[in-house]
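# Observations on the model geometry
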Amino acid sequence: MMKHTYIEDVGKHDGEEVTLRGWVHNKRSSGKIQFVILRDGTGYIQGVIVKNAVSPQVFADADTLTHESSIELTGKVRADSRAPSGFELDVRGLKIYQEVSKDEPFPITPKEHGIEFLMDHRHLWIRSTRQRAILKVRHEIIKAVRDFFDDDGFTLCDTPVLTPAACEGTTTLFEVKYFEDKAFLTQSGQLYNEATAEALGKVYCFGPTFRAEKSKTRRHLTEFWMVEPEVAYATVDDMMDLAERMITFVVQRCLVRRSEELKALERDLSMLEKVSVPFPRISYDEAVALLQKHGSEIQWGSDFGGGDETIISQQFDKPVMVHRYPTAVKAFYMEPDPARPEVALCVDVLAPEGYGEIVGGGQRIASYDLLAQRIKEHDLPREAFEWYLDLRKFGSVPHSGFGMGIERAVTWICGLEHVRETIPFPRMLYRLNP
RNA sequence: UCCUCAGUAGCUCAAUGGCAGAGCAUCCGGCUGUUAACCGGAGGGUUGUAGGUUCGAGUCCUACCUGAGGAGCCA
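This is a predicted model, so every value here is computed, not measured.

Calculation rules
- Within any chain, residue numbers begin from 1 and follow the written order of that chain's sequence.
- Working convention: letters from A go to chains and numbers from 1 go to ligands, in the order in which they are written.
- Reporting of local features is limited, given that this is a predicted model, to residues whose pLDDT is at least 70; pairs of side-chain atoms are given and counted only at 80 or more, and all residues count toward the totals for whole chains, interfaces and linings.
- Each side-chain value is derived from all of the structure's non-hydrogen atoms; neither hydrogens nor water enter the calculation.
- In DSSP terms, a helix is any run of H or I states spanning at least four residues, a strand is any run of E spanning at least two, and both are numbered starting from the N terminus.
- Think of it in three bands: with a 1.4 Å probe and only protein chains considered, a residue is buried below 20% of the maximum accessible area for its type, exposed above 50%, and partly exposed in between.
- Contacts are residue-level and defined by heavy atoms, with any inter-residue pair within 4.5 Å sufficient.
- Accessible areas in this description were obtained via Shrake-Rupley with a 1.4 Å probe; residue shielding takes into account the shown protein chains only.
- The charge count treats Lys and Arg as positive and Asp and Glu as negative. His and the chain ends do not count.
- Here the site of a charge means NZ on Lys, CZ on Arg, CG on Asp, or CD on Glu.
- Segmentation into domains, and thus their bounds, comes from an automatic or database assignment.
- A 1.4 Å probe defines the accessible area here, and the buried area is the portion of it lost by two parts on being joined, summed over both.
- Just to be clear on terms, a salt bridge is a Lys or Arg side-chain nitrogen sitting within 4 Å of an Asp or Glu carboxyl oxygen.
- The rule for pairing is simple: two strands pair if DSSP sees at least two bridges between them.

On to the overall build of chain A, then. A count of helical and extended segments in chain A gives 13 helices and 19 strands. The buried share of chain A, taken over its 434 residues, is 51%. Considering only contacts in chain A between residues 6 or more positions apart, those separated by 24 or more positions represent 65%. For chain A, the computed accessible surface area is about 20,700 Å², with 52% contributed by carbon and sulfur atoms. Counting 54 positive and 66 negative side-chain charges, chain A places the centres of these two groups 6 Å from one another.

Shown next, in the form of structure tokens:
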């Protein structure tokens, strides 16, 4: 059996005979010459089938090919200036693995479709050029994030998906049966990260998180992936340094390795090329003043709305870091600023071009007494947090971390309208299928 | 949960309250360089569901269902 070649490698085989395997992306016929566009996940190539150059059987088989039928093409690679990729295949042999029935053709045509139809056919939609490009960029972002932390002395330390209690209250948790008991799907690995950070120093977790929020916007999924670093002895300023380095690394990596995909998505690369260290840093106080100057109704003490985030991010052409939010609007574990206890040592990173918050984090409370008090103030079940309090009993240190939502990062880097295209099978308020 | 909008052929959409239409997809025919190929022809409909107004409803009214966009909340 002939060794088969991936389309992305055909350039190495100019003039040679190769066998390509994939799916029929499109087909055009002109009577005695047929053009079959083959897709194999690594690229596209046009196969040219000339009637008097192949057997009558091959020509007849090619004539019946339907969209997305799985096939194998054998022929000679030929450089051709007319081909978008620079190469074509002069087909000699054709093998059909499975032919899509003419009675039930592939539902996604080259023409336009509505979003409901596409989402219902997500399992087939991901075959499209655009979706492939997005998923390739997603992969690159994930790979870059992991390379960044791995090369920076971090240890990947996975945190549980099944958890006994809420991190930040129970209203947004998915509840599942756990034998005779009940459990919740994690909405953050952070509390466990704090434990592993005291064991290993610099750690990160990378996994799915779940939020049962009834949010119906272009920025929300109920199941999304998050990377969360946590560093012992680190301050909120250290986190800002880390976050801007990580984001810059990820964007640069995408520009180097996925520029073809980003161009296919018609992403304005000049916006991504501006992403470099350092990012602008403004305090919450400064952000509120900025917003009021631009007509926002916001008052000191409230959290930003989506519109507020857009206004802030549009003032800068890089991601902007907003730090020291009011303690009252942040999670119970946030360390108050010793100089101003009414604000917390936390930071959000807002992506440019109105893409909103992609990173949130900060310094965690190190004091046993203060943490115990906050758990009480937030009406959290003390018993469930005993182990978490232990971390302040046995060698407590200042420590900080943050979380980055992968899908939001992908949305921004790809320049998309909606997070639903950034994950192979999105889970949203009204979408659990396919 | 609230607000706004939408639902017509497999898909994307037209149709002043008066005969249910087009493009794509599919099928048949034509074409030796097509790039969402093109040209000719054919088949394809319980207009989301249930009521109501009207001589007559895809169109107007009510309720419901489904979806989309936004708000709140968040990454």
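Before going further, it helps to spend a moment on the domain arrangement of chain A. Segmenting chain A into domains produces domain 1 (4-98) and domain 2 (123-422). Each partner contributes to the interface: domain 1 provides seven residues, whereas domain 2 provides five residues. Of the roughly 440 Å² buried between domain 1 and domain 2, counting both surfaces, carbon and sulfur atoms make up 39%. Looking at the side of domain 1 facing domain 2, the largest losses of area belong to R39, G41 and Y44, adding up to 65% of the total buried there. In this assembly, domain 1 and domain 2 are joined by one salt bridge. A salt bridge links E68 to R127; its shortest N-O distance comes to 3.0 Å.

With that settled, consider the sheet that holds strand β8 (residues 162-163). Taken in spatial order, the three strands make up an open sheet running β8-β10-β9, and their pairing is antiparallel. Looking along the sheet, the strands with just one partner apiece sit at the ends: β8 and β9 (175-178). Pairing of β9 with strand β10 (residues 181-185) involves four bridges; the strand directions are antiparallel. Across the sheet, V176 pairs through a bridge with A183, a residue of β10.

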